[in-house]
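# Observations on the model geometry
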Amino acid sequence: MNSVIIDCDPGLDDAVALLAAFGASEIDVLAITTVAGNVKGPQTAVNARIIREAAGLGDTLPVCAGAPRPLLRDPVTAEDFHGSTGLGNLPFPDPQIELSKTHAVNMIVQTCQTAQDASITLVVTGPMTNVALALTMAPNIARGLKEIILMGGADTEGGNITSFAEFNVFADPHAAAIVFNSGIPIRCLSLDVTHFVRATAERVAQVRAVGTVPASIAGDLLEASCKLEFSAKGDRDAPLHDPTTILAVTKPDLFTGRTTRVEVITEPGEQFGRTIPHFDPDGPVLWYEQADDAGAFDELCRLLGGVA
Ligand code: BDR
Ligand code: CA
């Protein structure tokens, strides 16, 4: 069993990742922590609560709101790809179950400090502000962490928010630099991988055909993602960014890559937010370069079938 904290900025694809994690019998989600990113901080916390309730989960799974802005740079959001609500303006009911009173950063710190050695997996699908703050406030949390699995960065694919930068790193490059330089084992799902795992119409139909409530919601989220991707970029098939992190927990052999150190460009200029892997057999980051995309959708469907 993998004990997992999911730090996210829902976000259509973050929401699919949450649903997949809830359905995975191999994953025990200890907490959802939220951060400003795709939409402003308070809205990402509302969206995490919406998805928790849509999946039929209650307050035994805490949702903790975190950093409302990046460490140093001005805030940036991505409504073009997620709609003004962050969930594609889909008609979800307002959440009824309260937000936790614990701050996201405190939740990460407390969970890791009280855990057994190398027992917690931190899955990160948004800007890395909360994780950088936790590592700065309490560097000893590294002891409790097994690994960080994150969606962020780009090398061969180039960026998606500028020609060099991927959104999660661009939205808080100083935080990303802290995380990538922490020495903690990281597995990284960058655009180099996620751009090749696309929600085609056939695959959205495959997800819907699973027939469970989470699969039907995921179908709606993926369809909304594809519509927005088309109006923003002219691409019909949205990349399956964030759910790949959950698939990397449950079926790591879907992905292959090389170990590396990762440099983050934090100086102002056109490369601001760029990630540069320096491949090195001793590097702490496993930078995935290839995915079995059909296998990824099969696995996503298996997980979405896990909860009725
Ligand atoms: C990442 O940016 C966000 O818009 C998505 O949720 C994903 O985490 C992709 O670059
Ligand atoms: Ca995200």
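Below: a short report on this structure. All figures in this text were calculated on a predicted structure; none of them were measured in a lab. (Residues numbered from 1 in each chain as written. Chains lettered and ligands numbered in written order. Predicted model: local features only at pLDDT ≥ 70, side-chain atom pairs only at ≥ 80, totals over all residues. Heavy atoms only, no water.)

## A word on the overall build of the protein chain
The helix and strand inventory of the protein chain stands at twelve helices and eleven strands. Here the C-alpha atoms of the protein chain give a radius of gyration of 17 Å, agreeing with the 19 Å that 2.2 N^0.38 yields for 308 residues. Overall, the C-alpha framework of the protein chain stretches about 45 × 40 × 35 Å when taken along its three principal axes. Counting only contacts in the protein chain whose residues sit at least 6 apart along the sequence, the fraction spanning at least 24 positions is 81%. Summed over its atoms, the accessible surface of the protein chain is roughly 11,900 Å², and 52% of this surface lies on carbon and sulfur atoms. Distance from the positive charge centre (20 side chains) to the negative charge centre (38 side chains) of the protein chain: 2 Å. (Helix = DSSP H or I, 4+ residues; strand = E, 2+ residues; numbered from the N terminus. Rg over C-alpha atoms; globule rule 2.2 N^0.38 Å. Contact = heavy atoms within 4.5 Å. Areas by Shrake-Rupley, 256 points an atom, 1.4 Å probe, with all protein chains shown as cover. Lys, Arg positive; Asp, Glu negative; His and termini not counted. Charge placed at Lys NZ, Arg CZ, Asp CG, Glu CD.)

## Focus: unusual backbone geometry
At the junction of P10 and G11, the peptide bond is cis and its omega measures out at -10° in the coordinates. On the secondary structure map, G11 appears in the loop between strand 1 (2-8) and helix 1 (12-23). We note that N89 has phi near 60°; this positive angle belongs to a residue other than glycine. Take N89: it is sitting in the loop between helix 3 (79-82) and helix 4 (104-113). Located in the positive-phi region is A118, a residue other than glycine, with phi close to 45°.

## Some words on the site of ligand 1
Around ligand 1 sit D13, D14, N38, H82, T125, M151, N160, E166, F167, N168, H241 and D242, and that is every residue in its neighbourhood. In this structure, an oxygen atom belonging to ligand 1 sits 2.6 Å away from a side-chain N or O atom of D13. Contact distances for ligand 1 include 2.6 Å between an oxygen atom and a side-chain N or O atom of N38. Protein contacts shield 96% of the accessible area of ligand 1, which totals 280 Å² for the unbound molecule. Put simply, the parts of the chain that give the shell around ligand 1 at least two residues each are helix 1 and helix 6 (167-171). Among the residues making up the shell around ligand 1, the classes are represented as two nonpolar, six polar and four charged. (Near = heavy atom within 4 Å. Polar contact = N/O pair within 3.5 Å; in protein donor to acceptor, adjacent residues only side chain to side chain. Nonpolar A, V, L, I, M, F, W, Y, C, P; charged D, E, K, R; others polar.)

## Examining the sheet that holds strand 11 (residues 285-291)
The nine strands are arranged 3-2-1-4-5-6-11-9-10 in an open sheet whose pairing can be described as mixed. For this open sheet the edge positions go to strand 3 (63-65) and strand 10 (275-279), each flanked by a neighbour on one side alone. Neighbour to neighbour, the strand axes of the sheet diverge by 30° on average, direction disregarded. Against the sheet, helix 4 makes contact with strand 1, strand 2 (27-34), strand 3, strand 4 (120-124) and strand 5 (145-151), and its axis sits at roughly 145° relative to strand 2, the strand it touches most. (Pairing = 2+ DSSP bridges. Axes fitted to C-alpha atoms, helices over the stretch in contact; angles between N-to-C directions.)

## Considering helix 12 (residues 293-304)
Under the 1.5 Å per step criterion, the end-to-end length of helix 12 is 17 Å for twelve residues, consistent within 8% with the ideal 16 Å. For helix 12, the set of buried residues is G295, A296, F297, E299, L300, C301, L303 and L304. Buried residues belonging to helix 12 abut helix 1, strand 7 (198-199), helix 9 (201-208), helix 10 (213-233) and helix 11 (243-250). Among the residues of helix 12, the N-terminal cap falls to D292, whose side-chain oxygen and the backbone nitrogen of A294 are separated by 3.5 Å. (Expected span 1.5 Å × (residues − 1). Buried < 20%, exposed > 50% of the residue type's maximum accessible area, 1.4 Å probe, protein only.)

## A short note on the pattern of salt bridges
If you walk through the whole model with that rule in mind, you get eleven salt bridges. Two residues, R143 and D117, come together in a salt bridge whose shortest N-O distance is 2.5 Å. Of this pair, R143 sits in the loop between helix 5 (129-137) and strand 5 while D117 sits in the loop between helix 4 and strand 4, and the two are 26 residues apart along the sequence. One salt-bridge network, held together by shared partners, links E26, E299 and R302. (Salt bridge = Lys/Arg side-chain N within 4 Å of Asp/Glu carboxyl O.)

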